[in-house]
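Given next are the chains, with one letter for each unit.
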Amino acid sequence: MSSAINTVRRIAVGGALVTSLAFGFGSVSTALAQDATPGASPAAEATPTVVEPVQVTLTLIGTEGQVVGVARLTQEAPGAEVLITVTNAEDSGLAPGEHGIHIHEAGVCDPKATPPFDSAGGHFNPENGHHGAPDDPNSHAGDLGNLTVKDDGSFLLQTTSTRISLYPGDKNSLADADGSSLMIHEHADDMHTDPSGESGGRAACGVIFSPQPGAMQSATPVTSPQATPVG
Ligand code: ZN
């Protein structure tokens, strides 16, 4: 497991460059999936691929653009589980209690969208599942259940997923054409009801991977069958 948490990491994976700044309150990160087709170059020119761990650090912003929290996703190799850690900023502003938390299918967090963060599309759902609990194999791959916010507004979620990948071109990769985002909702997720477990509006959003150039023009997630604007 990597111990490089508070350092700037530049990781080249299959042609993609992921740059993350320090994990901490108010940190800024960018994640650029510049080339999601490793192996596209002719085989004759191929050099042995060194698989490096991928770490993505992101800031979750609220509907006023304020910093709500930070998250970190790490994966040691393609096919390995993804470790997910989500924690609050100094003042999260989130109401105490349970809040649905999901990976959404597009990497666009626009608080000025109508409704806020509608730009992120529906739940990441490459296998056309039904909304549910994270341990249900038929649920959306992006369903992460609930985040518990304490009375003082703090929260810490540490979980893993074997149903997503941070490697471009890998099965269920979050580094796909339209990118991906992490979303915290206003209300608890009942972990059953389509499309979003009755978890209400979108309270905080963070970009995991930005869309590739031009991706959002040809494919508009908010109108795709998997992207229901509610929730
Ligand atoms: Zn879902």
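Residues numbered from 1 in each chain as written. Predicted model: local features only at pLDDT ≥ 70, side-chain atom pairs only at ≥ 80, totals over all residues. Heavy atoms only, no water.

## Considerations on the state of the cysteines
Overall, the coordinates contain one disulfide when judged by the stated rule. Covalently, C109 is tied to C205 through a disulfide, its sulfur atoms 2.0 Å apart. Residues C109 and C205 are joined by a disulfide whose S-S torsion is about -65°; by sign, that bridge is left-handed. In this pair, C109 is assigned in the loop between β7 (97-104) and β8 (143-149) and C205 in strand β11 (residues 202-209), connecting sequence segments 96 residues apart. C205 shares its class with C109; the two are buried. (Disulfide = S-S within 2.5 Å. Helix = DSSP H or I, 4+ residues; strand = E, 2+ residues; numbered from the N terminus. Buried < 20%, exposed > 50% of the residue type's maximum accessible area, 1.4 Å probe, protein only.)

## What about the coordination of the zinc ion?
With distances of 1.9 to 2.0 Å, the protein atoms coordinating the zinc ion are H123 (ND1), H131 (ND1), H140 (ND1) and D143 (OD). All donors to the zinc ion come from one chain, and their sequence spacing reads H-x7-H-x8-H-x2-D. Judged by its relative accessible area of 2%, H131 falls in the buried class. (Donors = N, O, S within 2.8 Å, 3.2 Å for Na, K, Ca; no water.)

## Topic: the sheet that holds strand β10 (residues 180-185)
Read across the open sheet, the eight strands follow the order β8-β7-β10-β11-β4-β5-β6-β9; overall the sheet is antiparallel. Of all strands in the sheet, those bounded by a partner on one side alone are β8 and β9 (156-161). Ignoring which end each strand starts from, the neighbouring axes of this sheet average 20° apart. (Pairing = 2+ DSSP bridges. Axes fitted to C-alpha atoms, helices over the stretch in contact; angles between N-to-C directions.)

## What about the pattern of salt bridges?
Counted under the stated rule, the structure contains one salt bridge. Residues E127 and K171 are paired through a salt bridge, measuring 3.1 Å at the closest nitrogen-oxygen approach. Of the two residues, E127 sits in the loop between β7 and β8 while K171 sits in the loop between β9 and β10, which places them 44 residues apart along the sequence. Residue classification places K171 among the exposed residues on the basis of a relative accessible area of 62%. (Salt bridge = Lys/Arg side-chain N within 4 Å of Asp/Glu carboxyl O.)

## Brief notes about the pairing of β10
Judged by how many residues are buried, β10 sits mostly within the fold: six of six residues are covered. Where burial is concerned, the two faces of β10 agree: the one with S180, L182 and I184 and the one with S181, M183 and H185 are both buried. Relative to β10, β7 runs antiparallel, the two being bridged by four bridges. Paired with H104 across the two strands is S181, which belongs to β10. Sheet topology note: the β10/β11 ladder contains six bridges and is antiparallel. Across the sheet, the residue bridging to S180 is F209, located in β11.

## Some details on the confidence of the model for the protein
In the predicted model, the protein carries a mean pLDDT of 82, and the fraction of residues at 70 or more is 73%. In the model, residues 1-41 has pLDDT below 50 throughout and makes 89 contacts with residues more than four positions away in sequence or in other chains. Predicted confidence is poor over residues 218-229, with pLDDT under 50, and the contacts of this stretch with residues over four places away or in other chains come to 24 contacts. (pLDDT = per-residue confidence, 0-100. Contact = heavy atoms within 4.5 Å.)

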